[in-house]
Amino acid sequence: LRIISLLTIRQYMRIHHREIKKGGISSLEDKSLGCVQKSGTAPVKGVLAYGERVKNKGLNLLSAPGNDLVASTACAASGAHIVLFTTGRGTPFASSVPTVKISSNNLLFSRKNNWIDFNCGELVDDSTLEELSQKLYDYVLRVASGEKVKAEEAGFHDMAIFKQGSNTLRKYKKGTCSCIMKKL
């Protein structure tokens, strides 16, 4: 186990905010509004604390940090079997459960095809919303039935656990282990 870097929360947020602005989002609040829209119109059945297990069937909201890997690990800890992760920038991570990375545009899919699992950019070309929705649904069913996502095929399984005081990110690949420590 080796420590790669040590960052304060202020340094981390400065870097993260700069990156989301490059992607066309003006603030973390705007990014969060996108998350709300993705939940659809289902009624909220529960609100979970970080690490709390799901008790109610249906849409549950999880109070967890917004970092991609920390949030995905928190979803898995709460009982998620699959994470559907939409991205316009191409975050390269895996999770402790199959993490389907869904690109929002064709350019990202073509440039990062080795870790993007599904391309929603087809919608602006020649696919209808209904066709693309069915294609994604069918792919998610195949993953739920055991088909591996690209990160799993490559042997990646990442985990990031949020704790008050520090945030430890661990990346495992085929028997190797490295660690990123972030002081919060």
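Rules used throughout
Residues numbered from 1 in each chain as written. Predicted model: local features only at pLDDT ≥ 70, side-chain atom pairs only at ≥ 80, totals over all residues. Heavy atoms only, no water. Helix = DSSP H or I, 4+ residues; strand = E, 2+ residues; numbered from the N terminus. Buried < 20%, exposed > 50% of the residue type's maximum accessible area, 1.4 Å probe, protein only. Contact = heavy atoms within 4.5 Å. Areas by Shrake-Rupley, 256 points an atom, 1.4 Å probe, with all protein chains shown as cover. Core = buried A, V, L, I, M, F, W, Y, C linked by side-chain atoms within 4.5 Å. Patch = residues over 30% accessible without salt bridge, like charges linked within 9 Å, V, L, I, M, F, W, Y side chains within 5 Å. Salt bridge = Lys/Arg side-chain N within 4 Å of Asp/Glu carboxyl O. Pairing = 2+ DSSP bridges. Phe/Tyr/Trp six-rings, centres within 6.5 Å; stacked < 30°, edge-to-face > 60°. Lys NZ or Arg CZ within 6 Å of the ring centre and 35° of its normal.

S.K.: Looking at this model, I keep getting lost on the overall build of the protein. Mind explaining?
M.R.: Helices and strands together make up the secondary structure of the protein, namely 6 helices and 9 strands. Residues counted as buried form 30% of the 184 residues belonging to the protein. Within the protein, contacts between residues at least 6 apart in sequence are counted, and of these 34% link residues at least 24 apart. When the accessible surface of the protein is split by element, carbon and sulfur atoms take 58% of a total near 11500 Å².

S.K.: Before we go on, may I ask you to explain the nonpolar core in this structure?
M.R.: Soluble globular proteins tend to pack their nonpolar side chains together in the buried interior. Among the nonpolar cores identified, the biggest contains 9 residues, and these are Val100, Ile102, Phe118, Leu132, Leu136, Tyr139, Val140, Val143 and Val149. For this core, the elements supplying multiple residues, two or more each, are β5 (99–103) and α5 (129–144). Broken down by element, this core gets its largest block of residues, 5 residues, from α5. Contact partners of Val143, with chain neighbours within four places excluded, come to Ile82, Pro98, Val100 and Val149. Counting residues in each nonpolar core, the second largest holds 8 residues, with Leu69, Val83, Phe93 and Ala160 among its members.

S.K.: Even after reading the chapter, I still don't get a nonpolar patch on the surface, so can you show me in this structure?
M.R.: The grouping of Tyr50, Met159, Ile161 and Phe162 at the surface amounts to a nonpolar patch, some 310 Å² of accessible area in total. Tracing the sequence through the fold places Ile161 in strand β7 (residues 156–163).

S.K.: Please clarify how the sheet that holds β5 should be interpreted in this entry.
M.R.: Think of a sheet as strands paired side by side through backbone hydrogen bonds, with each pair either parallel or antiparallel. Taking strand neighbours across the sheet as the criterion, the 3 strands line up as β4-β5-β6 in an open arrangement whose pairing is parallel. Strands with a single pairing partner mark the edges of an open sheet, and in this sheet they are β4 (83–87) and β6 (118–119).

S.K.: Even after reading the chapter, I still don't get the pairing of β4, so can you show me in this structure?
M.R.: On a regular strand, each side chain points to the face opposite its neighbour's, so the side chains alternate between the two faces of the sheet. Burial along β4 is one-sided: Val83, Phe85 and Thr87 are buried, and none of Leu84 and Thr86, which face the opposite way, are. Alignment of β4 against β5, held across 5 bridges, turns out to be parallel. Within β5, the residue paired with Thr86 across the bridge is Ile102.

S.K.: What am I meant to see in the packing of aromatic side chains here?
M.R.: Where two aromatic rings form a pair, the distance of their centres and the angle of their planes describe that pair. Per the stated rule, a full pass over the model turns up 2 aromatic pairs. The ring centre of Phe93 lies 6.0 Å from the NZ or CZ of Lys101, which sits over that ring.

S.K.: How should the side chain of Ser78 be read in this particular structure?
M.R.: Inspection of the secondary structure puts Ser78 in the loop between α3 (68–77) and β4. Judged by its relative accessible area of 3%, Ser78 is buried. Ser78 has contacts with Leu48, Gly51, Glu52, Arg53, Val54 and Leu62, leaving out every residue within four places of it along the chain.

S.K.: Sorry if this is basic, but what is going on with the pattern of salt bridges here?
M.R.: Per the counting criterion, the structure on display carries 3 salt bridges. One salt bridge in this structure joins Glu52 and Lys55, with 2.3 Å as the shortest N-O distance. On the basis of relative accessible area, Glu52 is assigned to the partly exposed category, the value being 26%. Its salt-bridge partner being Arg142, residue Glu147 comes within 2.9 Å of it at the nearest N-O pair.

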